Amino acid sequence: MCDFSQKVRVGRMPQSDFSRALASSKRRLERAKEELERTGRLLEKNDMAGAFGSAFAFSAEVEKLALLARVLPAYTGHPKATELTEQMLLDTIPIEMGYAERGWFLLRLPALLPKKEAGSPVYIQQYLYPALRRYFSGKPPALYQSCVLAYRHIYNRERPERAYRDHDNIELNMVTDIVTLYLLPDDAPKRCSHYYCSTAGTEDSTEVYVIPTSRFPIWLAAAQSDDLEENTLYETSKIWS
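Notes on the structure in this doc start here. (Residues numbered from 1 in each chain as written. Predicted model: local features only at pLDDT ≥ 70, side-chain atom pairs only at ≥ 80, totals over all residues. Heavy atoms only, no water.)

Using the criterion set out here, one finds 10 salt bridges in the structure. We note a salt bridge from E230 to R102, for which the minimum N-O separation is 3.0 Å. Of this pair, E230 sits in the segment after α6 (216-224) while R102 sits in the loop between β1 (96-99) and β2 (105-109); the two residues are 128 residues apart in sequence, bridging distant segments of the chain. Looking at E230, the relative accessible area reads 13%, which means it is buried. Residue R152 is joined to E207 by a salt bridge in which the shortest nitrogen-to-oxygen separation is 3.0 Å. Separated by 55 residues along the polypeptide, R152 in strand β3 (residues 147-156) and E207 in strand β5 (residues 205-212) bring together distant segments of the chain. Across the pair, E207 and R152 agree in class, each one buried. (Salt bridge = Lys/Arg side-chain N within 4 Å of Asp/Glu carboxyl O. Helix = DSSP H or I, 4+ residues; strand = E, 2+ residues; numbered from the N terminus. Buried < 20%, exposed > 50% of the residue type's maximum accessible area, 1.4 Å probe, protein only.)

For the rest of this paragraph, the subject is the packing of aromatic side chains. Summed over all chains, the structure comprises 12 aromatic pairs. Ring centres 5.0 Å apart and planes at 70° place the aromatic pair Y99 and F105 in the edge-to-face group. The pair Y99 / F105 is uniform in exposure class, with both members buried. Taken together, a centroid distance of 5.0 Å and an interplanar angle of 80° make the contact between Y135 and F136 edge-to-face. Take Y135 and F136: they sit in the same class, and that class is buried. An aromatic cluster is present here, built from Y99, F105, Y129, Y135, F136 and Y182 joined pairwise through their rings. Above the plane of the ring of Y135 lies K139, whose end atom (NZ or CZ) is 4.3 Å from the centre. (Phe/Tyr/Trp six-rings, centres within 6.5 Å; stacked < 30°, edge-to-face > 60°. Lys NZ or Arg CZ within 6 Å of the ring centre and 35° of its normal.)

What follows deals with the nonpolar core. Of all hydrophobic cores here, the largest spans 34 residues; its most connected members are I95, F105, L107, L128, L183 and V210. Breaking this core down by element, the ones donating at least two residues are β1, β2, α4 (121-136), β3, α5 (173-183) and β5. With seven residues, the top contributor of residues to this core is α4. Sequence-distant contacts of V210, that is, excluding residues within four places in its chain, are made with W104, F105, Y144, C147, V148, L149, V179, L183 and L184. Formed by 13 residues, the second largest nonpolar core is a distinct cluster that contains W104, Y209, W219 and A223. (Core = buried A, V, L, I, M, F, W, Y, C linked by side-chain atoms within 4.5 Å. Contact = heavy atoms within 4.5 Å.)

Listed below in structure tokens is the structure:
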């Protein structure tokens, strides 16, 4: 009597969105680790130009990893994943906003905005939109009819000036779109002018101002004399024409 054995081909289980995102996260984490280690080696060789480039590569990898990290909970299918992720972002990314006594609205972000084609504007949307939505919940929209939208890029003063980015190479559109949603009828040139400047400070950050046109000379003088510090930001303000 002969025994026959049948080989059963066991196919690989199809990957779920969660497993694919998890695998991508592991790859990004390894790349970020490699760039961070490379940055350290270049620093030891006193190759600051190389360290600068490698540090930016590390920054880009971490930013992409953060995007993946934020969607991982949702891929598990948990019904409150999106809600809890938004709350986590609000708790961990300190965004300041409010009306200054001198008549403009200030939005302060605790980081520089990404370079075009190097960072992801989705990263900005994921934490900025929920923050503004919560801030303006229950408040009437404050629609400035004529204004200047000013971006002030603040670099850690320990950075060399050559590390400052060209203003036309910074991703601004996502922030502008979200700010427009809550503070401007639209960002058409007839309603809103744009102004960009860079300065040194204690740490990297970005300040976005919505300034009534009549107040812009006052704001500009304050910016040039480094007098934009606000002790108090208010929930509401008179909208200057």
